Amino acid sequence: MEEVDVDPTTTKIPTSSHGKHLGFAWGPGDILVYETLYKQSGDSGPCSPFIHKVRKDEDIYAPILRKLFNESHYIFVGLQTIREEIPGKNKNSQFVSISKNYRSVIRACIEELQQVAVNTKDSVVCTQYGNQVSILLAIELIWNLCEVLFIDAADALLLHLLDWVRLHKGDVDEKATHVLQSESPAEHRSYWDVVVSYVLQGRLEEVRQLLTKQAVLQPAARSMFKLMDNLLSKMPFYNPGGTQTATEFDVKWRHWHEEVDHCLQDNSFASNPHLELICKILVGDEDTLLEQKELVGTWYHFLVTRLLYCHPTVKSTELHFYAQSCMTMFLDPRSAPEALDSILLAAFEFDIHQVIKECSIALNNWWFVAHLTDLLDHCQLLQSHNLHFGSNLREFLLLEYASGLFTHHSLWQLAVDYFDHCPEFGRVYLELQMERIPLDTERKALKVLRICEQRQMSEQVRSICKIMAMRTLRNNRLGSALSWSIRAKDAGFATLISERYLQDYCARGTFSDLDLIDNLGSAMLLSDRLTFLGKYREFHRLYGEKRFREAAKLLLSLMTAKIAPRSFWMTLLTDALPLLEQKEVVFTSEQTYELIYCLEELTSSSCDTTATVSRTDTSMQEEDLEVAKVELLRLALARNLAMAIIKEATVEV
């Protein structure tokens with residue numbers, strides 16, 4: 001089995017001088033580290049001008065590992081939908097299937113990373129991908145073992161452990177392929193290594209097939225090979241799901257073991273050291289097993305081989321005793337166990353919490369512990385105790401993992417679902433994280449807004465809309481600014497933008513973004529100024545459609561109902577001029593009197609204002625223009641009043 005290193009990475013922060021205190025500031029996904037002025041003695045001095053940014057979840061920026069995060073997200077969401085009412089047996093098979101789906105995603109990433117590492121010419125990139133492969137191999141190894149021990153049926157423990165070893169010792173099959181593809185497999189230099197490796201993995205059918213090739217080359221020793229083939233074919237394997245009871249298997253296995261031991265004692269294979277070696281392995285000779293360290297590779301492979309040939313009916317409660325003894329026998333007593341050894345040993349002790357703790361320390365991101373803990377929690381294998389800060393272990397790890405995803409420019413969308421399935425603190429975390437997302441584009445803002453609206457996060461919705469409204473207003477995009485302010489239900493900001501629209505109309509004589517203003521609907525009630533803008537635009541539409549009477553009635557109501565700002569009355573009265581000059585009377589006498597009243601009210605207030613203000617040449621010209629407008633309006637109103645009175649007094653015959 002390939003050795004993998006999962007010891008935590010040490011990040012060194014360079015400083016300009018020794019003895020200085022380091023300061024730091026936590027960010028959402030990283031830490032800023034800087035050197036302070038202060039020494040340990042309290043004296044100050046020159047410090048380093050550099051600030052170091054240390055990311056804690058660097059893996060989320062690796063392009064290939066992003067596939068791992070994306071694919072596992074779909075598996076996670078599917079796991080949350082498994083209903084409680086499903087029968088336990090069916091539910092357990094679903095959990096095993098989900099666990100295998102997670103492992104298949106890990107395996108696919110490993111293969112892709114290995115392929116890229118082989119093809120790249122950049123040694124730095126090759127080393128980086130190699131490190132990621134080592135970590136993923138360790139993760140898949142641990143996950144598979146947890147699946148065997150905790151999720152799948154514990155009765156067939158040894159068979160599952162054999163499958164586990166075979167899966168993670170794939171180099172044997174590669175070596176066997178090279179041997180079998182050679183001109184003379186039985187004479188290949190790796191032939192016996194492959195045979196012994198298969199024996200150590202309990203793959204006795206493959207061993208028998210390979211030995212037949214050797215028997216052909218040695219006709220004189222055919223009886224010896226036949227005896228070995230007979231021993232291999234008779235070896236019993238315990239399958240609790242079968243018809244054989246544990247007692248029946250134990251009797252059968254002891255009989256077979258005595259037969260193998262008898263062959264060894266009477267030197268049946270003494271003339272062939274390779275067959276004698278196989279016989280010693282079959283009888284479970286520990287010294288012989290330890291001599292095969294190079295082929296076994298790891299203490300946990302040694303453990304499974306030792307169980308197979310010495311304790312085939314091992315119970316799960318006894319497993320940790322054998323695991324500890326095998327690790328002690330296999331490893332160099334002068335060297336301390338590595339992080340992976342401690343994790344696997346904790347798994348063999350069925351200490352789930354210790355496995356999660358060790359993995360959290362050793363691995364460089366929260367992906368593994370978050371998803372494994374969630375799966376184990378659904379299997380009801382975790383004790384539901386709360387941590388000292390209020391959340392349970394599953395939720396804590398999911399929150400940490402999702403918070404890391406939120407630092408990525410696109411993976412943050414996956415994190416939303418993780419927060420959704422954290423019932424205690426998930427919503428609080430999501431609200432805080434949504435406020436930190438940089439709204440780089442309008443498309444991204446709409447995406448964030450939709451997520452907040454779906455979850456009825458009204459405060460965040462208002463905040464996002466206000467930010468975007470202000471940004472688009474600065475860029476003079478009045479239509480977008482008005483749309484965002486309406487979504488934010490911000491009356492003050494909607495009033496400000498409506499004022500800008502009216503100023504823009506006064507300057508250019510036309511409205512921009514007609515589609516938006518024409519379709520305001522009930523949104524125009526958000527503010528008085530927005531209501532006026534919508535109604536004023538409606539007046540122009542009615543006028544354009546030559547519906548003069550309706551237009552006149554609406555125009556007058558804008559002033560009499562005080563909807564229009566006083567500063568805009570002169571513009572409205574000026575807009576009334578074409579209607580007053582129509583051949584057919586549009587305004588009734590009563591409406592004309594109201595227009596006259598509005599004009600006089602406006603002129604009297606403006607006279608009071610101008611009397612207190614010093615006049616310049618420009619203001620005098622503007623005042624003269626206003627006087628001319630007023631005189632023109634009075635003349636038009638007088639003419640219309642006369643025509644309206646005559647028309648209303650005329651009796652139709």
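Predicted, not measured: the structure shown is a model, and the values here were computed from it.

Draft legend 1. Fine view of the packing of helix 19 (residues 412–420) against helix 21 (residues 442–454). It is at 12 Å that the axes of helix 19 and helix 21 come closest, and there the two elements cross at 5°. In this view, helix 19 runs roughly parallel relative to helix 21, as classed from their interaxial angle. Contacts between helix 19 and helix 21 involve W412, Q413 and V416 from the first element and K444, K447, V448 and I451 from the second. Considered class by class, the residues forming the contact of helix 19 with helix 21 number four nonpolar, one polar and two charged.

Draft legend 2. Here's a closer look at the environment of L158. Structurally, L158 can be placed in helix 4 (residues 157–167). On the basis of relative accessibility, which here comes to 10%, the residue L158 falls in the buried class. Residues L158 and N239, spaced 81 residues apart in sequence, show a C-alpha to C-alpha distance of 9.0 Å.

Draft legend 3. Highlighting the environment of C109. Inspection of the secondary structure assignment puts C109 in helix 2 (residues 88–119). When its relative accessible area of 3% is taken as the criterion, C109 is described as buried. Along the primary structure C109 and L137 are separated by 28 residues, whereas in three dimensions their C-alpha atoms are 10.0 Å apart. Other than its neighbours up to four places away in sequence, C109 contacts I64, L68 and L136.

Draft legend 4. Seen up close, the side chain of S480. Looking at the element boundaries, S480 is found in helix 23 (residues 478–488). With a relative accessible area of 19%, S480 lands in the buried category. A polar contact of 3.1 Å, which involves the side chain of S480, links it to the side chain of R477. Look past the residues within four positions of S480 in its chain and what remains in contact with it is E442 and T472.

Definitions and cut-offs
Residues numbered from 1 in each chain as written. Predicted model: local features only at pLDDT ≥ 70, side-chain atom pairs only at ≥ 80, totals over all residues. Heavy atoms only, no water. Axes fitted to C-alpha atoms, helices over the stretch in contact; angles between N-to-C directions. Helix = DSSP H or I, 4+ residues; strand = E, 2+ residues; numbered from the N terminus. Parallel < 35°, antiparallel > 145°, perpendicular 65-115°, else oblique. Contact = heavy atoms within 4.5 Å. Nonpolar A, V, L, I, M, F, W, Y, C, P; charged D, E, K, R; others polar. Buried < 20%, exposed > 50% of the residue type's maximum accessible area, 1.4 Å probe, protein only. Polar contact = N/O pair within 3.5 Å; in protein donor to acceptor, adjacent residues only side chain to side chain.

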